[in-house]
Amino acid sequence: MKASPSGKRPMLVRLTEADLPALVALEEAQGWPMGGSESSLGAALADPAAAVFGLMERNAPVEQGGLVGYAVAARLPFEAELQALLVSEVRRGQGLALKLLAAVVDQARGWGSERLLLEVRAGNAAAIALYRRGGFQEDGRRRGYYPPLPGTGQSPETTPPRQGGAAAGAREDALLMSLALAAGAAGD
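Residues numbered from 1 in each chain as written. Predicted model: local features only at pLDDT ≥ 70, side-chain atom pairs only at ≥ 80, totals over all residues. Heavy atoms only, no water.

Trainee: Account for the overall build of the protein chain, naming residues and giving values.
Mentor: Counting secondary structure elements, the protein chain contains 4 helices and 8 strands. For the protein chain, the N- to C-terminal ordering of α and β elements is β-α-α-β-β-β-α-β-α-β-β-β. The buried share of the protein chain, taken over its 188 residues, is 44%. For the protein chain, long-range pairs separated by at least 24 residues make up 67% of all intrachain contacts whose partners lie at least 6 apart in sequence. With the model as given, the accessible surface of the protein chain reaches about 9600 Å², and the carbon-plus-sulfur share is 53%. (Helix = DSSP H or I, 4+ residues; strand = E, 2+ residues; numbered from the N terminus. Buried < 20%, exposed > 50% of the residue type's maximum accessible area, 1.4 Å probe, protein only. Contact = heavy atoms within 4.5 Å. Areas by Shrake-Rupley, 256 points an atom, 1.4 Å probe, with all protein chains shown as cover.)

Trainee: So what's going on with helix α3 (residues 96-110)? Residues and values would help.
Mentor: End to end, α3 covers 21 Å across 15 residues, agreeing with the expected 21 Å (1.5 Å per residue, within 8%). The first or second residue beyond α3 is G112, which carries a positive phi of 80°. (Expected span 1.5 Å × (residues − 1).)

Trainee: Hey, could you go over the environment of A44 for me, with residue numbers and the actual values?
Mentor: By the secondary structure assignment, A44 is in helix α2 (residues 38-46). Along the sequence, A44 and A73 sit 29 residues apart, while their C-alpha atoms lie 8.5 Å from each other.

Trainee: Any chance you could break down the packing of aromatic side chains for me, citing the residues and the numbers?
Mentor: Counting across every chain of the model gives 2 aromatic pairs. Ring centres of Y145 and Y146 lie 5.1 Å apart, and the angle between their planes is 80°; this geometry places the pair in the edge-to-face category. Geometry around F53 places R14 over its ring, the cationic atom sitting 5.7 Å from the centre. (Phe/Tyr/Trp six-rings, centres within 6.5 Å; stacked < 30°, edge-to-face > 60°. Lys NZ or Arg CZ within 6 Å of the ring centre and 35° of its normal.)

Trainee: Outline the pairing of strand β4 (residues 79-87), listing residues and values.
Mentor: Alignment of strand β3 (residues 67-75) against β4, held across 7 bridges, turns out to be antiparallel. Within the sheet, the bridge partner assigned to A71 lies in β4 and is L85. Two successive antiparallel strands, β3 and β4, enclose a turn made up of 3 residues. Alignment of β4 against strand β5 (residues 115-121), held across 3 bridges, turns out to be parallel. Counted as the bridge partner of E81 is L117 from β5. Taken together, β4, α3 and β5 form a β-α-β motif whose crossover is right-handed. (Pairing = 2+ DSSP bridges. Right-handed = clockwise from strand over helix to strand, strands pointing away.)

Trainee: Account for the pattern of salt bridges, naming residues and giving values.
Mentor: With the rule as written, the count across this model stands at 9 salt bridges. Where R115 meets D139, a salt bridge forms, and the shortest distance between an N and an O atom there is 3.8 Å. You can see R115 sitting in strand β5 and its partner D139 sitting in strand β6 (residues 137-146), a full 24 residues away along the chain. We classify R115 as buried; its relative accessible area is 19%. (Salt bridge = Lys/Arg side-chain N within 4 Å of Asp/Glu carboxyl O.)

Trainee: Just give me the short version of the nonpolar core, but keep the residues and values in it.
Mentor: Formed by 30 residues in total, the largest nonpolar core has its most connected members in L82, L85, L116, V120, Y131 and F136. Sorting the residues of this core by element identifies β2 (50-56), β3, β4, α3, β5, α4 (125-133) and β8 (171-180) as the ones contributing at least two each. Broken down by element, the residue count for this core peaks at 7 residues, all from α3. Residue contacts for L116: discarding those within four places in its chain leaves A80, E81, L82, V104, V105, A108, F136, M177, S178, L179 and L181. Counting residues in each nonpolar core, the second largest holds 15 residues, with A22, L23, V72 and L86 among its members. (Core = buried A, V, L, I, M, F, W, Y, C linked by side-chain atoms within 4.5 Å.)

Trainee: I'd love a proper account of the packing of helix α1 (residues 20-30) against α2, names of residues and values included.
Mentor: Remark: α1 packs on α2, axes separated minimally by 10 Å, with the N-to-C direction vectors making an angle of 135°. As summarised for this structure, α1 and α2 are arranged oblique, according to the angle between their axes. Taken as a pair, α1 and α2 cross one another with a handedness that is right-handed. Every residue of α2 that contacts α1 at L20, L23, V24 and E27 is listed here: E38, L41, G42 and L45. (Axes fitted to C-alpha atoms, helices over the stretch in contact; angles between N-to-C directions. Parallel < 35°, antiparallel > 145°, perpendicular 65-115°, else oblique. Left-handed = near helix turned anticlockwise from the far one by under 90°.)

Note that every value here comes from positions in space, so none of it alone points to a role or purpose.
Shown next as structure tokens:
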């Protein structure tokens, strides 16, 4: 486990619209190619049916406003959805993603949601391991759902679907996962 630069664990907070510049800066600093656009992040922060959690640290880069990770959850009629989760690369391996995931699970339970849903690139082994550790089960796949990651040299329109973590430049499957939260929910 890597040590925190400050020696302290980041503090979990509920982010507001004032935190939008820090969210955008964190995504840009991580080069997160499929992260939310500034407008979608702003919409999530303003949406009363969404919750955006952040991990704040005093020694994080100033342009990130102390933000070293965040997660976005959306309330649906009977379920909730984890829409995004990101931890700064230098802070990975410290249990911070699990802390954010736990906050999202708690929020979904607080909303009375029956299940918490998510989708993840089938080749993102670290994220899939995190979600499985959190109790999520695989529900299915969307074949060839994600376009190739930037820098692979192939066009999304001309690339055949790929299974799991196949060759770079190919479209990638989306793995659909869920966590049952309420008695009587699917999987209980």
